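Reading the structure
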2 protein chains.
Amino acid sequence: MQKKRIVIVGMGFGGVHAAQALAGKGHDILLVDRNNYHLFQPLLYQVATAGLEQESIAYSVRAMARSWPDVRFHLTEVTGIDFSRKEIQVTSGLLPYDYLIIGAGSATNFFGLTAVEQHAFDLKELEDAEVLRNHILSAFERAVIEPDPARKRALMTFVVVGGGPTGVEFAGALIELVNFVLAKDYPELGIHTARVVLVEATDRLLAAMPQELGMYTLQKLRSMSVEVLLNAQVVDVDAEKVSLHDGAVIPAHTLVWSAGVKAAPLAARLEVPRAAGGRIIVEPDLTLADHPDVFVIGDIAWLQQDGKALPMIAQVAMQMGVYAAKAILAKEQGSVLPPFRYHDKGSMATIGRNAAVANVFGLQLRGYPAWLAWLLLHLYYLIGFRNRIVVLLNWVWYYWFHERQVRLITRRKPMKQD
Amino acid sequence: MQKKRIVIVGMGFGGVHAAQALAGKGHDILLVDRNNYHLFQPLLYQVATAGLEQESIAYSVRAMARSWPDVRFHLTEVTGIDFSRKEIQVTSGLLPYDYLIIGAGSATNFFGLTAVEQHAFDLKELEDAEVLRNHILSAFERAVIEPDPARKRALMTFVVVGGGPTGVEFAGALIELVNFVLAKDYPELGIHTARVVLVEATDRLLAAMPQELGMYTLQKLRSMSVEVLLNAQVVDVDAEKVSLHDGAVIPAHTLVWSAGVKAAPLAARLEVPRAAGGRIIVEPDLTLADHPDVFVIGDIAWLQQDGKALPMIAQVAMQMGVYAAKAILAKEQGSVLPPFRYHDKGSMATIGRNAAVANVFGLQLRGYPAWLAWLLLHLYYLIGFRNRIVVLLNWVWYYWFHERQVRLITRRKPMKQD
């Protein structure tokens, strides 16, 4: 067997699973990412709500690669790909490949709303979570010294857009932060006037889940005093208010946007067929139509199954990563895999303390059992044993003491030039 | 007894101890700091060398203040003080006081070397540690793709200036990070060519310690392959090299400056008598000469004892904080405390694994016993039980597995404007 050079772009869930499946199989593997860590995105909202330190949900790529034979890593950004010359262009030069796996992920989709893009916070990258946490805590500090009651309340009003898992989880975690933790931190503020408003464009929450679980989530969030607005859309925003489609105006200094994702910017830089959200259209074996040596996986890939595009979630990316790796190994042995097929293992979302919804193994769980399942599954998928212990420690602390200890406002200093 | 308004500026070791001693004694206490956390500076070097997450060495001021009756907190920066009107000027307005305790701390002293100030890294604030960690890890990533062997080595060369505790501890932690951790992360680099150079202007290390402990430290660092240059001074630096007093040039992309501290910038904005390093000269009872209601404590205060100025260290600050609090309480009861007297409980510095020096309780310890004493004492003084567990967990992990897990290059995103 000839040794091939396989480049994997992006160390998200797809890229990591591809690398794991390819390592030690006799090929040279080069991992490329603009961060030196794998980020566990599903817990970003807990960093943003002071529940976890950012370091506990990120894991060094080199720490993983240590146990993978013939795997190297380049910290660099991909600026383009020449499919005919089989080269990727990175900031530091050109990298040739025999096989390429593209798993560059996704970015927040602001759907062309430039005011929203300018003012809204989102939760895609590690620093987004820290920036949002700093902003939330700073808003309360500013409220302390704000003499005008209306502005004071606007500083303590948080509008979250999008009733999918991220929006639901963030809104639930934020209202708990306010009611359990910040209420004790800011006795001088009438903290019961703080508002968390969840805005959803359709008539239900968690559209990907069975109807009953969406209903449970709605009731639970409302019982926790999250104001849920269904069939509502944000049309404009500035530093002090959020405007809705029906003319209603919410005085608020914070807008968190979790209403949509699109393909990562890399997709637009390539000459490839693209579908909705700029995602790259792939063949049933995840390759590009004219380039059987190029696989596209995860959020950035667009593939229909049973008449519907596969969702942009971690599970799809992981299965695609493993498939792409196996497909390459099969090709090298002269065989061909059957087309990729996604196996939906279900989904879950946590709402708050002892409350979650899960649709797994054909079961619909809600409340405590779903919450426990959520905790265990997220700990299991988190990479790094030490990270698991730190996360578990924070969760136990919060559960027992109602304390989230990472409520720091860290300052931003630019890196030194050299 | 009349209720007085006491303002404490700065939540370092001095301010926290003053607040603790004043809380619940019948007065209104207002804490002021430009950060919302108390920082445990002695462990900053471990954040910079990927050993600890930054959140584990900082503790929310509001979390502390919760258990302190009649204590409030303002997150703001002090821009000036009007001693005659008894008001401090902060970004958000004016704050009146009956008693004022100033514990604004210190800043790095570059001694007018502007090239050094521009290029060097220092370790005073939380973000300094993160910036330095990012820089160190980025230097290794750049070395991986650097074709020129001389530049490659310069990227892996780190010059540390100052043979005091910070310089010694940082140099030791850095060489261990390189030899134990990064050597495994970067198999493609000849990591034995990496250099850590410690430059000290005098003829010995740890000048505040007994001679024998300084000798032990020198031998230990050299045995760990730190290059220690005594009687040497840095006179110039640019992005790629460090120049010494004797004309020698060290090609290096990183200069860490721990050669001196001076009073925090606030001191220069006040009309007060100042001594060396811009420190505010105080009376034997820590008050300003003409203002018996203003106490100055910690690094920013200058007081002689037995013919020598008190050192700028945490212990002095803590004792001064407690003294200032007690002096205020005494005055309110019509009595007067004897002059402040610093009781030196000794000092210690860790060099590396199982190796430290300590001069405590009249004992001179070195090696393993000193190291153990250092660990226990630092855990004891760290604020927050959860922080202690997280720090201990990281230490155990490193001790057993030679792993420092926080080796992330985090990116800097500016905060959103509003």
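A quick note: this is a predicted structure, and the numbers were derived from the prediction, not measured.

Position of A:His378 relative to the elements: it lies in helix H10 (residues 368-381). Here A:His378 falls in the buried class, since its relative accessible area comes to 11%.

A few words on the confidence of the model for chain A. Mean pLDDT over chain A: 94, with 98% of residues reaching 70 or higher. Here the complex is predicted with pTM 0.95, and the ipTM for its interfaces comes to 0.93.

Where interface size is quoted, it is often the accessible area lost as the parts come together. The interface of chain B with chain A comprises 63 residues on the first partner and 64 residues on the second. Interface area, chain B with chain A, both sides summed: about 6,200 Å², of which 52% is carbon and sulfur. Three residues, B:Arg66, B:Arg386 and B:Arg411, lead the burial of chain B against chain A; their summed loss comes to 14% of the area buried on that side. Counting the contacts that link chain B with chain A gives 10 salt bridges. The closest approach of N and O atoms between B:Glu188 and A:Arg62, which form a salt bridge, is 3.4 Å. For the pair chain B and chain A, the interface holds 22 residue pairs in polar contact (both at pLDDT 80 or more). Of all the elements in the fold, those that place two or more residues in the side of chain B that touches chain A are strand S4 (58-60), helix H3 (61-65), strand S5 (71-75), helix H4 (114-119), helix H5 (126-145), helix H7 (165-185) and helix H11 (385-401) of chain B. Among the elements that take part in the side of chain B that touches chain A, H5(B) stands out by supplying 13 residues, more than any other.

Here we come to a nonpolar patch on the surface. Nonpolar side chains collect at one region of the surface, where A:Tyr368, A:Leu372 and A:Leu376 lie side by side and expose about 290 Å² of accessible area between them. Judged by its relative accessible area of 55%, A:Leu376 falls in the exposed class.

Another point: the relation of the copies chain B and chain A. In screw terms, the move from chain B to chain A is a rotation of 180° and a rise of 0.0 Å along the axis, fitting with an RMSD of 0.0 Å. Such a combination of turn and shift is consistent with a two-fold rotation axis. The residues that chain B uses at the interface reappear at the interface of chain A in 100% of cases, marking a shared surface.

Residue and element names in this part refer to chain A. Counted at 1.5 Å a residue, the expected span for helix H7 (residues 165-185) with its 21 residues is 30 Å, and the 28 Å between its end C-alpha atoms agrees. Along H7, the largest kink reaches about 35° and is centred on Val 178. For H7, the buried fraction is high: 15 of the 21 residues fall into the buried class.

On to the pattern of salt bridges, then. Within the structure shown, the criterion is met by 32 salt bridges over all chains. With its nearest N and O atoms 2.7 Å apart, the salt bridge here joins A:Arg62 to B:Glu141. With A:Arg62 in helix H3 (residues 61-65) and B:Glu141 in helix H5, this pair bridges two chains. For the pair A:Arg62 and B:Glu141, one class covers both residues: buried.

To continue, consider the packing of aromatic side chains. Under the criterion given, the structure shown has 24 aromatic pairs over all chains. Between A:Tyr380 and A:Tyr381 the ring centres are 5.2 Å apart and the planes differ by 80°, which places this aromatic pair in the edge-to-face class. Taking the relative accessible area as the measure of exposure, A:Tyr380 reaches 59% and is therefore exposed. Judged by centre distance (5.7 Å) and plane angle (35°), the rings of B:Tyr368 and B:Trp371 are tilted. Remark: B:Trp371 and B:Tyr368 occur in helix H10 (residues 368-381); sequence separation between them is three residues, near one turn of the helix. Note on B:Tyr368: relative accessible area 43%, which makes it partly exposed. Among the aromatic residues, those joined into a cluster by ring pairs are A:Phe385, B:Trp397, B:Trp400 and B:Phe401. Cation over ring: B:Arg353 sits above B:Tyr399, and NZ or CZ is 4.4 Å from the ring centre. When the ring centre of B:Tyr398 is taken as reference, the NZ or CZ atom of B:Arg404 above it lies at 4.4 Å.

Procedures and definitions
Residues numbered from 1 in each chain as written. Chains lettered and ligands numbered in written order. Predicted model: local features only at pLDDT ≥ 70, side-chain atom pairs only at ≥ 80, totals over all residues. Heavy atoms only, no water. Helix = DSSP H or I, 4+ residues; strand = E, 2+ residues; numbered from the N terminus. Buried < 20%, exposed > 50% of the residue type's maximum accessible area, 1.4 Å probe, protein only. pLDDT = per-residue confidence, 0-100. Contact = heavy atoms within 4.5 Å. Buried area = accessible area lost by both parts, 1.4 Å probe. Salt bridge = Lys/Arg side-chain N within 4 Å of Asp/Glu carboxyl O. Polar contact = N/O pair within 3.5 Å; in protein donor to acceptor, adjacent residues only side chain to side chain. Patch = residues over 30% accessible without salt bridge, like charges linked within 9 Å, V, L, I, M, F, W, Y side chains within 5 Å. Areas by Shrake-Rupley, 256 points an atom, 1.4 Å probe, with all protein chains shown as cover. Least-squares fit on C-alpha atoms with pLDDT ≥ 70 in both. Expected span 1.5 Å × (residues − 1). Bend = angle between axes of the 7 residues up to and from the residue. Phe/Tyr/Trp six-rings, centres within 6.5 Å; stacked < 30°, edge-to-face > 60°. Lys NZ or Arg CZ within 6 Å of the ring centre and 35° of its normal.

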